[in-house]
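Secondary and tertiary structure notes
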Amino acid sequence: MTEEMLMQKIALITSGIVFGLLALSHAIRWLSPVEILVNGQILPFITSLSSGIILALLSIWMFLAARKTKLPKNENKEDN
């Protein structure tokens, strides 16, 4: 069970990093005057702002969940 909990913690941290990088990319897009065309239409800047906020909140949530995931203490097991 310890290995499963470790894998869960690693997955939460990885998700937090991915969401954080995506939030950062939306923040950079919002701060710079780059236009993104989707099907010939310019994507509004408010879309990047709202998406960035949602992704940042997801990133924080994943890091908090990873922090709350406690691994059991290593018990010294003797091989018989």
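Residues numbered from 1 in each chain as written. Predicted model: local features only at pLDDT ≥ 70, side-chain atom pairs only at ≥ 80, totals over all residues. Heavy atoms only, no water.

Secondary structure assignment for the protein chain yields 2 helices and 2 strands. Mapped from its N terminus to its C terminus, the protein chain presents α and β elements in the order α-β-β-α. In the protein chain, buried positions account for 14% of the 80 residues. For the protein chain, the proportion of contacts with a sequence separation of at least 24, taken over those separated by at least 6, is 69%. Looking at the protein chain as shown, the accessible area adds up to about 6,700 Å², and 65% of this sits on carbon and sulfur atoms. (Helix = DSSP H or I, 4+ residues; strand = E, 2+ residues; numbered from the N terminus. Buried < 20%, exposed > 50% of the residue type's maximum accessible area, 1.4 Å probe, protein only. Contact = heavy atoms within 4.5 Å. Areas by Shrake-Rupley, 256 points an atom, 1.4 Å probe, with all protein chains shown as cover.)

Turning our attention to the environment of Leu 58. Residue placement: Leu 58 occurs in helix 2 (residues 45-68). For the pair formed by Leu 58 and Phe 19, sequence separation is 39 residues and the distance between their alpha carbons is 6.5 Å.

Turning to the packing of aromatic side chains, a few remarks are in order. How two aromatic rings sit relative to each other is set out by the distance from centre to centre and by the angle between their planes. Under the counting rule described, the total for this entry stands at 0 aromatic pairs. Taking the ring centre of Phe 45 as reference, the NZ or CZ of Arg 29 above it sits at 4.3 Å. (Phe/Tyr/Trp six-rings, centres within 6.5 Å; stacked < 30°, edge-to-face > 60°. Lys NZ or Arg CZ within 6 Å of the ring centre and 35° of its normal.)

The next thing to look at is helix 1 (residues 2-31). Along its 30 residues, helix 1 runs 43 Å from first to last C-alpha, staying within 8% of the 44 Å computed at 1.5 Å per residue. Those residues of helix 1 lying buried are Leu 12, Gly 16, Ala 23 and Arg 29. Those residues of helix 1 that are buried are in contact with helix 2. (Expected span 1.5 Å × (residues − 1).)

A separate point is a nonpolar patch on the surface. Judged by side-chain polarity, Ile 13, Ile 17, Leu 21, Leu 24, Ile 28 and Phe 63 come together as a nonpolar surface patch covering roughly 540 Å² of accessible area. Here the nonpolar patch takes 5 residues from helix 1, the largest share from any one element. (Patch = residues over 30% accessible without salt bridge, like charges linked within 9 Å, V, L, I, M, F, W, Y side chains within 5 Å. Salt bridge = Lys/Arg side-chain N within 4 Å of Asp/Glu carboxyl O.)

Moving on, we come to unusual backbone geometry. Residue Asn 39 is not a glycine yet carries a positive backbone phi of 55 degrees. Examined against the element boundaries, Asn 39 turns out to sit in the loop between strand 1 (37-38) and strand 2 (41-42).

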